[in-house]
Amino acid sequence: MCGNEVIKNTHQLKTYSKNGYAPSCGCQTKKLQRDSHVVHGQSGSPIYKAWTSMLSRCYLKSYHNYERYGGRGIEVCPRWKDSFISFYEDMAKTWKPGLSLDRIDNDKGYELSNCRWATKHEQNTNQGKSIKIDGVPLCELADQAGLKRATVYVRYYRGDRGKRLFRKPDIDRSKDGK
């Protein structure tokens, strides 16, 4: 208590004592509110946007992709969920422009040991829906074979496998085939 004199009704006093709080003039509430809004100067930064997006994906049911994250049990570790500063301390040193937050194992949550900053290409090859052959994403195999990804995906969905999947396209496209 601060020592200021205030008038409170008996209901307020009962509520305070029931919840374990000491009644105050309001100065403590103002102090707690001020302390809870730590200014970090990052609210417009890409790292802050990644943090708020991560929280939205996991906890905001109205988020457009919630069912792929929070809807299937993906959570944010308490250290990051409760504090942008903690997230920033853990992740800011490896961030570069053009990278976005990526979970290494898409079946696990957001925590330091499972997160990295990745390019769009890296994220596309790490999607849970990626087709993999012997653990290697199909798009990566297409790149290694020097083929267009779209070509390999069309062949895959058509049922081609093995050598047929990665064969080089016919070069001669003239009408008479000569």
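Residues numbered from 1 in each chain as written. Predicted model: local features only at pLDDT ≥ 70, side-chain atom pairs only at ≥ 80, totals over all residues. Heavy atoms only, no water.

A. Just the state of the cysteines, in detail. Applying the stated rule across the entire model yields 0 disulfides. Summary of cysteine pairing: C58 is not part of a disulfide, and the nearest cysteine sulfur, belonging to C115, is at 9.3 Å. Overall, the relative accessible area of 3% leaves C58 in the buried class. C77 carries a free sulfur, and the closest cysteine sulfur to it, the one in C115, is 7.8 Å from it. (Disulfide = S-S within 2.5 Å. Buried < 20%, exposed > 50% of the residue type's maximum accessible area, 1.4 Å probe, protein only.)

B. Quick look at the confidence of the model for the protein chain. The predicted model of the protein chain has a mean per-residue pLDDT of 79, with 71% of residues at 70 or higher. Summarising per-element confidence for the protein chain, the mean pLDDT is lowest in helix α1 (residues 10-19) (52) and highest in helix α4 (residues 78-81) (95). (pLDDT = per-residue confidence, 0-100. Helix = DSSP H or I, 4+ residues; strand = E, 2+ residues; numbered from the N terminus.)

C. Highlighting the side chain of S86. Its location among the elements puts S86 in helix α5 (residues 84-91). Other than its neighbours up to four places away in sequence, S86 contacts R79 and W80. (Contact = heavy atoms within 4.5 Å.)

D. Broad picture of α5. The set of residues buried in α5 consists of F84, S86, F87, D90 and M91. The buried residues of α5 all sit within an arc of 160° when viewed along its axis, so they share a single face. Two or three places before I85, at the opening of α5, S83 has a side-chain oxygen 3.3 Å from that residue's backbone nitrogen. (Arc of directions from axis to C-beta. Polar contact = N/O pair within 3.5 Å; in protein donor to acceptor, adjacent residues only side chain to side chain.)

E. Molecular detail of the nonpolar core. Core analysis: the largest hydrophobic core is formed by 19 residues, its most contacted members being M54, W80, F87, L101 and Y110. Going through the elements one at a time, α3 (46-59), α5 and β2 (115-118) are the ones with two or more residues in this core. When residues of this core are assigned to their parent elements, the largest contribution, 6 residues, is made by α3. Excluding residues that lie within four positions of it along the chain, F87 makes contacts with I47, W51, M54, W80, A92, L101 and W117. Judged by nonpolar contacts, the second largest core, of 7 residues, contains I131, L138, L147 and V152. (Core = buried A, V, L, I, M, F, W, Y, C linked by side-chain atoms within 4.5 Å.)

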